[in-house]
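A look at the structure
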Amino acid sequence: MIINSYDPAALEAALGIDMSTMDLGEGGPGGVGVHAGWGRVAPGGSSLAHQHDETEVFVIVRGRGEIVVNGRDRHQAAPGVVALFEPFDTHVLENQGDTDLVFVTFYWRDAGRAGARAADGGRARLSGRPQFVFSTPPTPNGDLHLGHLSGPYLGADAYVRFQRMNGAQVWHLTGSDDHQSYVVDAARREGRTPGDTAAHYSAEIAATLALMDIHPDQYTVTAGAGEYTEGLQTFFSRLAASGRVRPRTGPALFDARSGEYLYEVDVHGACPVCAAPAGGNLCEECGEPNDCVDLRGAQSGRSDLAPETGTVARYVLPLHEFRAELADHHRLGRVPARLRELADRLMRRERLDVALTHPSSWGVSPAESGAEGEQVIWVWPEMAYGFLHGIELLGRAEDRDWQARRPGSDWKIVHFFGYDNSFYHSVLYPVLYRLAFPDWNPDVDYHVNEFYLLEGEKFSTSRRHAVWGKDILTPHSVDAVRFFLSRTRPEGRRTDFRLAAYEAVLTDELIGRWQAWLNDLGRRVEKDFGGRAPDAGVWTPEHTAFLACLNGRLAALTEALGPDAFSLNRAADELSGVVADVMRFSKTEGATAHSEEWRDENRTAIALELCAARLLALCATPVMPRFAGRLATALGMPPATAWPTTAALLAPGSTVELSGQVFFTTDGGDDR
């Protein structure tokens, strides 16, 4: 018999609370296959959000509070309550009483149970929740090029398409980031007002997204919207009311000739951290912010004179004071190590003061006084509110009570953005939300891409070094472009768009292999089965092995497009893998294709090739929706609306019209 009693003196700090272990027999804590311990949450405290591979049970012994699972489900914690957490459930125990909340925990590893949850790919933690998928609002100082399209916009679109096929409540939101200083710079160059410039390029951007078959559910335009302005000012007032965002006088750069305040596009130099060329306020290379005065060899964009240093009072956030809150936020959702490393690096600074307002006439001024002269809310903190405002506008269209001033505890937010925006999305915004809405714990998944290069150099709107979306996108080319960008988009490393490589993939792979196989399959079905899908006959071991192979591809595609391991690189490779597998299978099985002796086996082989074509039509839908739709029609199927759970045979007798289909062509056409 083993007896263990609660001993407060044995507790040690762990996971944000106090815990101790129990000895349950020989072999240490796991002597009976189960680990156990005591835990205590102090009044007003809570454990850190965390997840692990063990199954865990809490037994509440004393005190009262709440258990929060996966950031949304809340359950009472009181004496006698027993809670079981599945592997990889994110869980938090909060003490909402005025005495210690004491509990016993039992936890053990079950490889089968953990494996089943891991194979789910993260769908369980999103189930039943509204998902708001944001692609970073583009700056309307130019149209979209392939560097833009390959990253946040294609990623978010494919993610949403896959989620909808799996029955999720999910919407794609983006808009026009009108109040960027880069809009003012473009307006100067083009002889227009900032408002006219933003409106012009916002419309061009929306049109390019449509050419890419990207149709956001909410496209928010911010300039000139009175309701938006009022909401943004209220959001900023919440920040100021927190007492943590206050006016502070500090050094700043000014143009030596005009005396104009310099920030963002109007100043550049070398990054004070990595020494790479950097613009004002952020280094795109290392991802770290700067405050302009610390740029090495700073140069003004307004004149050829060296900038002068002066002082100005702006509203400032001491971001370095929120290290613990930020780490807690990053334990709740999907946060790639690249972003966690950036946050850890930034939070090692002794101070990280971030100005939230800047002297300018373009933007929304805060309602508060205290800043020096005419100032506007910096466009990046503005964007934090803009996401919430977009959700509210979407809610009106969907007849949902979603309000920017009252974020929902069940909201799941998913961000797609480039690494140059990482600081804002994954470091600054969580802190702003904590200050504006202390009772809201935003559950956010982050999907970040690196830079997409063009022939070895960065895409650049300002330098016009780009392949513009409108230059290459037509109804005839959009599937090939989406496929090539999916395969080559910069996931975890910088990649390169080369026109010759795109043309080779189009000609050699999509036309030379995909289309050639589908056309040939159609001719064989017409010749041998009158254009109708045959039923399977006798199966050989090779047939069953090929069906298993297709199901393996399906499993890999499900994982690649799922929320936890989302990768369009892998998805594109798996789609190509389906075609490569079936072409090898077809060539091997073709040895007896004309033998009467093996007729029943031959029709099984054809049925399995059609099974592969059916799987391709379903699984290509998130990546290449037009191709997938045309292929489904050619197979006598309706357009795909649900993600398959298995590789299934095409219904016998289905009309198959593959032989003359042109799915891809080198003739891009221009019939938009």
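Residues numbered from 1 in each chain as written. Predicted model: local features only at pLDDT ≥ 70, side-chain atom pairs only at ≥ 80, totals over all residues. Heavy atoms only, no water.

Comments concerning the sheet that holds strand β18 (residues 308-318)
In plain terms, the rule: At least two DSSP bridges between two strands are required for those strands to pair. Numbering goes from the N terminus for both helices and strands, where a helix is a DSSP run of H or I of at least four residues and a strand is a run of E of at least two.
The strand order β14-β13-β18-β19 describes an open sheet built from 4 strands, whose pairing is antiparallel. Among the strands making up the open sheet, the edge pair consists of β14 (261-262) and β19 (353-355). As defined by bridge partners, strand β13 (residues 246-254) adjoins β18 across 9 bridges and the pair is classed as antiparallel. In the strand pairing of β18, leucine 253 is matched with threonine 309.

Thoughts on empty space enclosed by the protein
We apply this condition: Here a cavity is any set of points on a 1 Å grid over the protein atoms alone where a 1.4 Å probe fits but cannot get out, and a pocket is any open set with protein on both sides within 12 Å along at least 5 of 7 lines; a residue lines the site when it has an atom within 4 Å of a point. Grid points are joined across faces, edges and corners, and a volume is the space filled by probe spheres set on the points. Amino acid classes used here: Ala, Val, Leu, Ile, Met, Phe, Trp, Tyr, Cys and Pro are nonpolar; Asp, Glu, Lys and Arg are charged; the rest, including Gly, are polar.
Counting across every chain of the model gives 6 cavities of 30 Å³ or more. There is about 150 Å³ of room inside the largest cavity. Taken together, 16 residues form the lining of the largest cavity, with Pro137, Thr220, Thr222, Gly386 and Phe387 sitting closest to its centre. Listed by contribution, the elements that provide at least two residues to the lining of the largest cavity are β11 (169-176), β12 (218-221) and α9 (379-398). Here the lining of the largest cavity takes 5 residues from α9, the largest share from any one element. The residue inventory of the lining of the largest cavity, partitioned by class, reads 6 nonpolar, 8 polar and 2 charged. Taken together, Glu325, Leu326, His329, Pro430, Val431, Arg434, Trp440, Asn441 and Pro442 make up the full set of residues lining the second largest cavity. For the lining of the second largest cavity, the elements supplying multiple residues, two or more each, are α7 (323-330) and α10 (422-436). Taken together, the residues of the lining of the second largest cavity sort by class into 5 nonpolar, 2 polar and 2 charged.

Regarding the packing of helix α6 (residues 226-241) against α10
To keep it simple, the criterion reads: Simply put, an axis is a line fit to the C-alpha atoms, just over the touching stretch for a helix, and the angle between two N-to-C directions goes from 0 to 180 degrees. The cut-offs work like this: below 35 degrees is roughly parallel, past 145 is roughly antiparallel, 65 to 115 is roughly perpendicular, and the gaps in between are oblique. Throughout, a residue-residue contact means that at least one pair of heavy atoms, one from each residue, lies within 4.5 Å.
Between α6 and α10, whose axes approach to 8 Å, the crossing angle comes to 80°. In terms of their interaxial angle, α6 and α10 are classed as roughly perpendicular. Residue-level contacts link Phe235, Arg238 and Leu239 of α6 to Leu432, Tyr433, Leu435 and Ala436 of α10. In the contact of α6 with α10, the residues fall into 6 nonpolar, no polar and 1 charged.

Regarding helix α17 (residues 625-634)
As a reminder of what qualifies: Partly exposed residues are those whose accessible area sits between 20% and 50% of the maximum for their type, while under 20% is buried and over 50% is exposed, using a 1.4 Å probe and protein chains only.
For α17, the complete set of buried residues consists of Pro625, Phe627, Ala628, Leu631, Ala632 and Ala634. Buried positions along α17 lie against α3 (146-165), α12 (478-488), α13 (499-529) and α16 (599-619). Following α17 by one or two positions, glycine 636 has its phi on the positive side, about 75°.

What about the side chain of histidine 320?
Stated formally: Pairs of N or O atoms are called polar contacts if they sit within 3.5 Å, as long as, within protein, a hydrogen donor faces a hydrogen acceptor (for residues adjacent in sequence, only side-chain-to-side-chain pairs).
Checked against the element boundaries, histidine 320 lands in the loop between β18 and α7. Looking at histidine 320, its side chain comes within polar contact range of the main-chain nitrogen of leucine 352, at 2.9 Å. In contact with histidine 320, not counting residues within four places along its chain, are Met347, Arg349, Glu350, Arg351, Leu352 and Asp353.

As for the layout of surface pockets
There is about 1,500 Å³ of room inside the largest pocket. Of all elements in the fold, only α3, α4 (181-190), β15 (267-270), β16 (277-279) and β24 (452-454) reach the threshold of two or more residues within the lining of the largest pocket. Among the elements that make up the lining of the largest pocket, the one with the highest residue count is α3 (4 residues). The residue makeup of the lining of the largest pocket, split by class, is 19 nonpolar, 18 polar and 10 charged.

A closer look at the packing of helix α8 (residues 337-346) against α10
Stated formally: Crossing handedness is defined as follows: a turn of the near helix away from the far one that is anticlockwise and smaller than a right angle gives a left-handed crossing, while the clockwise case is right-handed.
Their axes nearest at 10 Å, the elements α8 and α10 cross at an angle of 65°. Taken together, the axis directions place α8 and α10 in an arrangement best described as roughly perpendicular. With respect to the hand of their crossing, α8 and α10 are arranged in right-handed fashion. For the pair formed by α8 and α10, the contact residues are Leu339, Leu342, Ala343 and Leu346 on the first element and Ser422, Phe423, Ser426 and Val427 on the second. By residue class, the composition of the contact of α8 with α10 is 6 nonpolar, 2 polar and no charged.

A closer look at the confidence of the model for the chain
What counts is decided by this rule: Per-residue confidence from the predictor is reported as pLDDT, a score between 0 and 100.
In the predicted model, the chain carries a mean pLDDT of 94, and the fraction of residues at 70 or more is 97%. Overall, residues 26-30 carries pLDDT values under 50, and its contacts beyond four positions in sequence, including any with other chains, amount to 8 contacts.

Concerning α16
Worth spelling out the cut-off: Given a helix with a known number of residues, its expected span is that number minus one, times 1.5 Å.
In a regular helix each residue adds 1.5 Å, so 21 residues correspond to 30 Å; α16 covers 30 Å between its end C-alpha atoms and thus fits that length. Within α16, 17 of the 21 residues are buried, which leaves it mostly tucked inside the rest of the structure.

Things to note about the environment of phenylalanine 484
Mapped onto the elements of the fold, phenylalanine 484 is located in helix α12. For phenylalanine 484, a relative accessible area of 4% corresponds to the buried category. Taking the C-alpha atoms as reference, phenylalanine 484 lies 44 Å from glutamate 350; in sequence the two are 134 residues apart. Once you skip the residues sitting within four places of it in the chain, phenylalanine 484 turns out to touch Tyr452, Phe497, Arg498, Ala501, Tyr502 and Val505.

What to know about the pairing of strand β6 (residues 73-77)
Sheet topology note: the strand β5 (residues 65-69)/β6 ladder contains 5 bridges and is antiparallel. What sits directly across from isoleucine 67, in β6, is histidine 75. Hairpin connection between β5 and β6: a loop of 3 residues separates the two successive antiparallel strands, and asparagine 70 in this loop has a positive phi of roughly 55°.

Considerations on the nonpolar core
Our working definition: We define a nonpolar core as any set of buried Ala, Val, Leu, Ile, Met, Phe, Trp, Tyr and Cys residues linked to one another through side-chain atoms lying within 4.5 Å.
Counting 90 residues, the largest nonpolar core has Phe497, Trp514, Leu610, Phe627, Leu635 and Leu658 as the members making the most contacts within it. Counting residues per element, this core draws most heavily on α16, at 12 residues. If we ignore the near neighbours within four places in the chain, the residues touching leucine 635 are Leu610, Ala613, Arg614, Ala617, Leu650, Ser654, Thr655, Val656 and Leu658. By size, the runner-up hydrophobic cluster in this structure holds 75 residues, among which are Leu173, Ala240, Ala278 and Tyr446.

Regarding the pairing of strand β23 (residues 443-449)
Within β23, 7 of the 7 residues are buried, leaving the element largely enclosed by the surrounding structure. Pairing of strand β22 (residues 412-418) with β23, which is carried by 7 bridges, proceeds in the parallel orientation. Across the sheet, the residue bridging to valine 414 is aspartate 445, located in β23.

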